[in-house]
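Observations on the model geometry
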Amino acid sequence: QVQLQESGGGLVQAGGSLRLSCAASGGTFSSWFRRAPGKEREFVAAIIWNGGSTFYAPSVKGRFTISRDNNNNTVYLQMNSLKPEDTAVYYCAARAGFSYRYRSEYEYNYWGQGTQVTVSS
């Protein structure tokens, strides 16, 4: 059973930065999703642990960076130039192996409990 634990959420002003962390006990493909109030959960970014290939949603590309620390089994999401529309609960997700349907939440077996990110205008 893979366990995921997010941390690093909080309140920040527009234009600011936050870094989210996800401590993972397993999985070889990790992603971040988010759910804004009244909206469905959406894909944000993903990374392949072996090799480090990354994937981003168009709305965050160039502002967010996903990375991993293999020694500490931790995935990070560095979020820069934050906008009020980035306000959401952010979730870490994991699965074993790459899937071409990685943007779908249904491809993931394991989820963290979520961490709130609030961006004020």
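In what follows, the accompanying structure is described. Since we're looking at a predicted model, the values are computed, not measured.

Brief notes about the nonpolar core
Membership of the largest hydrophobic core comes to 37 residues, with the highest contact counts inside it found for Trp 32, Val 44, Phe 64, Ile 66, Leu 77, Met 79 and Tyr 90. Sorting the residues of this core by element identifies strand E3 (18–24), strand E4 (29–35), strand E5 (42–48), strand E6 (54–56), strand E7 (64–69), strand E8 (74–79), strand E9 (88–95) and strand E11 (115–120) as the ones contributing at least two each. In terms of residue count, E5 provides more of this core than any other element does, 6 residues in total. When neighbours within four sequence positions are excluded, Phe 64 is seen to be in contact with Arg 34, Val 44, Tyr 56, Leu 77, Gln 78, Met 79, Asn 80, Leu 82, Asp 86 and Tyr 90.

With respect to the packing of aromatic side chains
One pass over the structure, following the stated rule, counts 14 aromatic pairs. Seen in terms of ring centroids, Tyr 91 and Trp 111 are 6.4 Å apart; in terms of plane orientation they differ by 80°. Their pairing is edge-to-face. Here Tyr 91, found in strand E9, pairs with Trp 111, found in strand E10 (residues 110–111); they are 20 residues apart in sequence, far enough to count as distant. A residue is classified by how much of its surface remains accessible, and Trp 111, at 26% relative accessible area, is partly exposed. Taken together, a centroid distance of 5.9 Å and an interplanar angle of 45° make the contact between Phe 98 and Tyr 102 tilted.

Some words on the side chain of Glu 6
With respect to the element layout, Glu 6 can be found in strand E1 (residues 4–7). Within the buried set, Glu 6 has no salt-bridge partner at all; the shortest N-O distance to an opposite charge, 7.5 Å, is to Arg 41. Engagement of the side chain of Glu 6 in a polar contact is seen with the backbone nitrogen of Cys 92, the distance being 2.8 Å. Looking at Glu 6, its side chain comes within polar contact range of the main-chain nitrogen of Gln 113, at 3.0 Å.

A look at the side chain of Arg 63
Mapped onto the elements, Arg 63 comes out in the loop between E6 and E7. A polar side-chain atom of Arg 63 sits 2.9 Å from the main-chain carbonyl oxygen of Ser 59. The contacts of Arg 63, once residues within four sequence positions are left out, are Gln 78, Met 79, Asn 80, Ser 81, Leu 82, Lys 83 and Asp 86.

Conventions we followed
Residues numbered from 1 in each chain as written. Predicted model: local features only at pLDDT ≥ 70, side-chain atom pairs only at ≥ 80, totals over all residues. Heavy atoms only, no water. Core = buried A, V, L, I, M, F, W, Y, C linked by side-chain atoms within 4.5 Å. Buried < 20%, exposed > 50% of the residue type's maximum accessible area, 1.4 Å probe, protein only. Helix = DSSP H or I, 4+ residues; strand = E, 2+ residues; numbered from the N terminus. Contact = heavy atoms within 4.5 Å. Phe/Tyr/Trp six-rings, centres within 6.5 Å; stacked < 30°, edge-to-face > 60°. Lys, Arg positive; Asp, Glu negative; His and termini not counted. Salt bridge = Lys/Arg side-chain N within 4 Å of Asp/Glu carboxyl O. Polar contact = N/O pair within 3.5 Å; in protein donor to acceptor, adjacent residues only side chain to side chain.

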